[in-house]
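In case you want the letters, here they are:
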2 protein chains.
Amino acid sequence: MRDPRLHCPLTFAVKAISGKWKLYILSMLSDGQPKRYSELRNTCENLTEKMLTSQLRELEQDGIICRKVYPEVPPRVEYMLTEAGSKLCVIFEPLYEWGLEYMKEVKPDKLHLLEMVKQRMA
Amino acid sequence: MRDPRLHCPLTFAVKAISGKWKLYILSMLSDGQPKRYSELRNTCENLTEKMLTSQLRELEQDGIICRKVYPEVPPRVEYMLTEAGSKLCVIFEPLYEWGLEYMKEVKPDKLHLLEMVKQRMA
DNA sequence: CAGCATCCCAGACGATACTG
DNA sequence: CAGTATCGTCTGGGATGCTG
């Protein structure tokens, strides 16, 4: 981390997950089960087809997910995490914990919302 | 990670480091020593004052760095990592390793550059 | 079903000049 | 020394409609 010329792998990693819907998509895929395009699309009404497609393409190009086309009619396309993608999701955990710890000092309002969702689920 | 409504701490963390010069600045500060504004600015000629200032402000607002002004003439301002910032930098390591591992399949050219820099340093 | 094409806008980013 | 201010550009993302 000391030499800025050396942190391009880190930059690569951060850029690879810096898209508005990428963490969302990865969270959908993180159970390891392949998901169809429509399956991903229908989980959130704010997610447009254009954005879903572009985010999927970028994740694919960065080797995080893979796209499998089945030669059927009607067409079926499934997306799932690659090995790289799975390992990436593991690394998210300490990052999540960090956010949880330090968000309360900076974005207490959002954290409050989070707590409400958690309670409603329990 | 399973429920997308729950990953806002992760989104917070990723957004907090998603600025063009943020990882660069954090790498400068990651030795724990406070750095002056000019010290940060002079390490890279592509980094403009506007960008340096804006990135520093955002990092400060997210609680990752702190800004200390010394009441002197000429003015002196130092930046250093907060506790949150230090912990964040530790988490970068597995992310860096991930990038190093999987960049070679996606961006072999950039990885090649990295190797050249390393060899020149050794 | 799983997309692409087109148009549009806000905000990120850059270049240059000025200041307490 | 450590910043603002102003301008221009470019890209990420949204809205809408069309297609193999």
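Being a predicted model, the structure only gives us computed values, none of them experimental.

Here's the deal with the relation of the copies chain B and chain A
So, point 1. Placing chain B over chain A gives an RMSD of 0.1 Å and needs a rotation angle of 180 degrees, together with 0.0 Å of translation along the axis. With respect to symmetry, the two chain copies, as superposed, fit the operation of a two-fold axis.
So, point 2. Counting the interface residues of chain B, we find that 100% of their copies in chain A are interface residues as well, pointing to one common contact surface.

Looking at the UniProt feature "domain: HTH hxlR-type" (unreviewed entry) in chain A
So, point 1. Following the UniProt record, the feature "domain: HTH hxlR-type" (unreviewed entry) maps to residues 8-107 of chain A here.
So, point 2. With 59% helix and 14% strand, residues 8-107 of chain A has its two end C-alpha atoms placed 29 Å apart.

A word on the sheet that holds strand β1 (residues 35-36) of chain B
Neighbouring strands of a sheet are bound in pairs by backbone hydrogen bonds; such pairs are parallel or else antiparallel.
All names here are of chain B.
So, point 1. Read across the open sheet, the three strands follow the order β1-β3-β2; overall the sheet is antiparallel. Among the strands making up the open sheet, the edge pair consists of β1 and β2 (65-70).
So, point 2. Pairing of β2 with strand β3 (residues 76-81) involves six bridges; the strand directions are antiparallel. Paired with Tyr70 across the two strands is Arg76, which belongs to β3.
So, point 3. Docked against the sheet, helix α4 (residues 49-61) engages β2 and β3, running at close to 115 degrees with respect to β2.

Here we look at the interface of chain B and chain A
So, point 1. At the junction of the two partners, chain B supplies 48 residues and chain A supplies 48 residues.
So, point 2. Summed over the shared surface of chain B and chain A, the result is zero salt bridges.
So, point 3. Linking chain B with chain A are seven residue pairs in polar contact (both at pLDDT 80 or more), by the criterion used here.
So, point 4. Among the secondary structure elements, those contributing two or more residues to the side of chain B that touches chain A are α1 (8-16), α2 (22-29), α5 (83-106) and α6 (108-121) of chain B.
So, point 5. In terms of residue count, the dominant contributor to the side of chain B that touches chain A is α5 of chain B (15 residues).
So, point 6. By residue class, the composition of the side of chain B that touches chain A is 30 nonpolar, eight polar and ten charged.

Reading the values: the criteria
- Residues numbered from 1 in each chain as written.
- Chains lettered and ligands numbered in written order.
- Predicted model: local features only at pLDDT ≥ 70, side-chain atom pairs only at ≥ 80, totals over all residues.
- Heavy atoms only, no water.
- Least-squares fit on C-alpha atoms with pLDDT ≥ 70 in both.
- Contact = heavy atoms within 4.5 Å.
- UniProt positions renumbered as here; feature names shortened; annotations may be inferred.
- Helix = DSSP H or I, 4+ residues; strand = E, 2+ residues; numbered from the N terminus.
- Pairing = 2+ DSSP bridges.
- Axes fitted to C-alpha atoms, helices over the stretch in contact; angles between N-to-C directions.
- Salt bridge = Lys/Arg side-chain N within 4 Å of Asp/Glu carboxyl O.
- Polar contact = N/O pair within 3.5 Å; in protein donor to acceptor, adjacent residues only side chain to side chain.
- Nonpolar A, V, L, I, M, F, W, Y, C, P; charged D, E, K, R; others polar.

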